[in-house]
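Commentary on secondary and tertiary structure
Each chain, written out:
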Amino acid sequence: MTVRILRPLLLLPVFGLLSGCNMVLMQPSGDIAMRQRDLILASTGLMLLIIIPVIAATLFFAWRYRASNKAATYDPDWHHSTHLEVLIWSAPLVIVIALGALTWISTHTLDPYRPLSRLDASRPLPKDVKPLVVEVVALDWKWLFFYPDQGIATVNEIAAPVDVPITFKITAATVMNSFFIPALAGQIYAMPGMETKLHAVINKPGTFEGMSANYSGSGFSRMNFRFVGLDQAGFDAWVAKAKAADKPLSRDAYLELERPSEREPVTFYSSVDSGLYGRVLNMCAVPGKMCMHEMMAIDAKGGAGKDSHANRARLEYDNRYAERGDEGNAATVGGSGRSSHSPEQPQGMKPKSTAPEVKPHSGSDHSGHDHSGHATGAGDAAPAGDGSKGDGTKSDGPGGTDPVAPGQLNK
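Here's the deal with the sheet that holds strand β14 (residues 267-269)
- With respect to topology, 6 strands assemble into an open sheet ordered β10-β7-β3-β4-β5-β14, the strand pairing being mixed. In the strand order of this sheet, the two ends are held by β10 (196-200) and β14, each with one partner. Taking each pair of neighbouring strands and ignoring which way they run, the sheet shows an average axis angle of 20°.

Looking at the nonpolar core
- The biggest cluster of nonpolar side chains holds 43 residues, and the ones touching the most others in it are Val134, Phe145, Tyr147, Phe168, Phe179, Phe227 and Trp238.
- Dropping the residues within four chain positions of it, tyrosine 147 is found in contact with Leu132, Val133, Val134, Ile152, Thr154, Ile158, Ala159, Phe235 and Trp238.
- Residues Leu255, Leu276, Val286 and Met292 belong to the second largest nonpolar core, which totals 21 residues.

What about the packing of helix α3 (residues 31-64) against helix α4 (residues 82-109)?
- At a minimum axis distance of 9 Å, the contact between α3 and α4 shows a crossing angle of 170°. When the axes of α3 and α4 are compared, the pair comes out roughly antiparallel. On α4, the residues that touch Arg35, Leu39, Ala42, Ser43, Leu46, Met47, Leu49 and Ile50 of α3 are Ala91, Pro92, Ile95, Ala98, Leu99, Leu102, Ser106 and Thr109.
- Its residues assigned to classes, the contact of α3 with α4 comprises 12 nonpolar, 3 polar and 1 charged.

Structural notes on the packing of aromatic side chains
- With the rule as written, the count across this model stands at 15 aromatic pairs.
- Summarising the aromatic geometry, the rings of tryptophan 143 and phenylalanine 179 are spaced 5.5 Å apart at their centres and angled 65° between planes, so their arrangement reads as edge-to-face. Here phenylalanine 179 lies in strand β8 (residues 177-181) and tryptophan 143 lies in strand β4 (residues 142-147), a separation of 36 residues in the sequence. The burial state of tryptophan 143 is the same as that of phenylalanine 179; both residues are buried.
- Judged by centre distance (5.5 Å) and plane angle (65°), the ring pair of tyrosine 215 and phenylalanine 220 falls under edge-to-face.
- Taken together, the ring pairs connect Trp143, Phe145, Phe168, Phe179 and Phe225 into an aromatic cluster.
- When the ring centre of tyrosine 65 is taken as origin, the NZ or CZ atom of arginine 64, which lies over that ring, is 5.4 Å away.

So, the confidence of the model for the protein chain
- When the pLDDT values of the protein chain are averaged, the result is 78; 72% of them are 70 or greater.
- Contacts of residues 328-336 to residues separated by more than four positions or lying in other chains number 22 contacts, the stretch itself having pLDDT below 50.
- Predicted confidence is poor over residues 351-411, with pLDDT under 50, and the contacts of this stretch with residues over four places away or in other chains come to 80 contacts.

Brief notes about the pairing of strand β3 (residues 132-139)
- Burial analysis of β3 places 8 of its 8 residues in the buried class, which makes it a mostly covered element.
- The alternating pattern of β3 places Leu132, Val134, Val136 and Ala138 and Val133, Glu135, Val137 and Leu139 on opposite faces, both of which are buried.
- Inspection of the sheet shows β3 paired to β4 by 5 bridges, in the antiparallel sense. Residue glutamate 135 lies in a different strand from β4, and its bridge partner there is phenylalanine 146.

Topic: α4
- With 28 residues, α4 extends 41 Å between its outermost C-alpha atoms, agreeing within 8% with the 40 Å of an ideal straight helix rising 1.5 Å per residue.
- Taken together, the buried positions of α4 are occupied by Ile95, Leu99 and Ser106.
- On its buried side, α4 packs onto α3.

Quick word on the pattern of salt bridges
- Enumeration over the complete set of coordinates arrives at 8 salt bridges.
- Residue aspartate 31 is joined to arginine 35 by a salt bridge in which the shortest nitrogen-to-oxygen separation is 3.3 Å. Note that aspartate 31 and arginine 35 are positioned in helix α3 at a spacing of 4 residues, about one turn of the helix. For the pair shown, aspartate 31 and arginine 35 are each scored as buried.
- Put simply, Asp31, Arg35 and Arg118 are held in one network by salt bridges that share partners.

Quick notes on the side chain of serine 261
- Structurally, serine 261 can be placed in the loop between α6 (251-257) and β14.
- Residue serine 261 is classed as buried on the basis of its relative accessible area of 15%.
- Within the local environment of serine 261, its side chain forms a polar contact with the side chain of lysine 142, the two groups lying 2.7 Å apart.

A closer look at the environment of aspartate 236
- Within the fold, aspartate 236 resides in helix α5 (residues 232-243).
- C-alpha of aspartate 236 to C-alpha of alanine 160: the two residues are 76 residues apart in sequence and 9.6 Å apart in space.

Conventions and cut-offs
Residues numbered from 1 in each chain as written. Predicted model: local features only at pLDDT ≥ 70, side-chain atom pairs only at ≥ 80, totals over all residues. Heavy atoms only, no water. Pairing = 2+ DSSP bridges. Helix = DSSP H or I, 4+ residues; strand = E, 2+ residues; numbered from the N terminus. Axes fitted to C-alpha atoms, helices over the stretch in contact; angles between N-to-C directions. Core = buried A, V, L, I, M, F, W, Y, C linked by side-chain atoms within 4.5 Å. Buried < 20%, exposed > 50% of the residue type's maximum accessible area, 1.4 Å probe, protein only. Contact = heavy atoms within 4.5 Å. Parallel < 35°, antiparallel > 145°, perpendicular 65-115°, else oblique. Nonpolar A, V, L, I, M, F, W, Y, C, P; charged D, E, K, R; others polar. Phe/Tyr/Trp six-rings, centres within 6.5 Å; stacked < 30°, edge-to-face > 60°. Lys NZ or Arg CZ within 6 Å of the ring centre and 35° of its normal. pLDDT = per-residue confidence, 0-100. Expected span 1.5 Å × (residues − 1). Salt bridge = Lys/Arg side-chain N within 4 Å of Asp/Glu carboxyl O. Polar contact = N/O pair within 3.5 Å; in protein donor to acceptor, adjacent residues only side chain to side chain.

What follows is the structure in structure tokens.
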């Protein structure tokens, strides 16, 4: 055998490695994910209708009109063919129209905010079925799930009965994440101060992987959770197991859980403080903070005028880690210069000493004005304990402790 024939054979072991790939997107277990897979396959098939003929024609013309083929017609002045022009423009136009129609229909049909209309391709949604409501909170770096109807909460594990529609209400406590269970449905973002929704259904029992699909800091790679599909009896037993944990999720317990951590084990909470998810959503879980809906109500009435100055401190939220002595959210080892949350240290990185506690800033911001309307010049003395250097400029704390204006809370 020649070397030319042996070279392709050397690639066969490489293709064998592909057998270890997880093809969950192409073999989902939920109807929404199944319809999304069908959309991927249909779109790919439509595009291949033009790609394959073009590749085949390119190879054919290269072979047919090669220099060694003396039988081929040589016409260096050729410049136009009506038949080719019609073929070249009409085929892609038809495919683009078909793709556009398919995308437009699927965009509305698979809208994550749209309630389900069926359990699968052969079964419509029963009229008397009640969806399972799950409230999702993305934390650093773990997932918290509230079951309001069952009165329980879990960390890094979620369960649902088979063939029962699920309504996810999703938010985040700190930075933006993306909630994604490939076997169940597509991803949707989790953002602080906002609530997104996702409707889905699991059609097969089993244990499936969930993850964050949006980078959110040094613990992102371990921000995974389990999704378990169970029959109704199994789900009832799972709920009973959570209730038997005898571990309530109080407001104080939540604030402790909210601290940045990695590799959190699965945890069950037998009860949840009333309104806790609402406080997380409205960014007022920390005592003394103003809820977003309170601020919205004030804005809807035209604002509070001069009295709004007193609300400023109650709206500061993103500096709470630094105030408690925790590392700022989403700070990486290389960027912060501090040791990692993870037990593994990057090669060559020596843990630095713990940064001193940073006290909260006063009412002065970087613009040189405080929020009482008085300008501050470079020669003004800096108030004690406000993080100033004494020359009218601010010193950023190790966690990024600058206060955030109310209008920036949702950005």
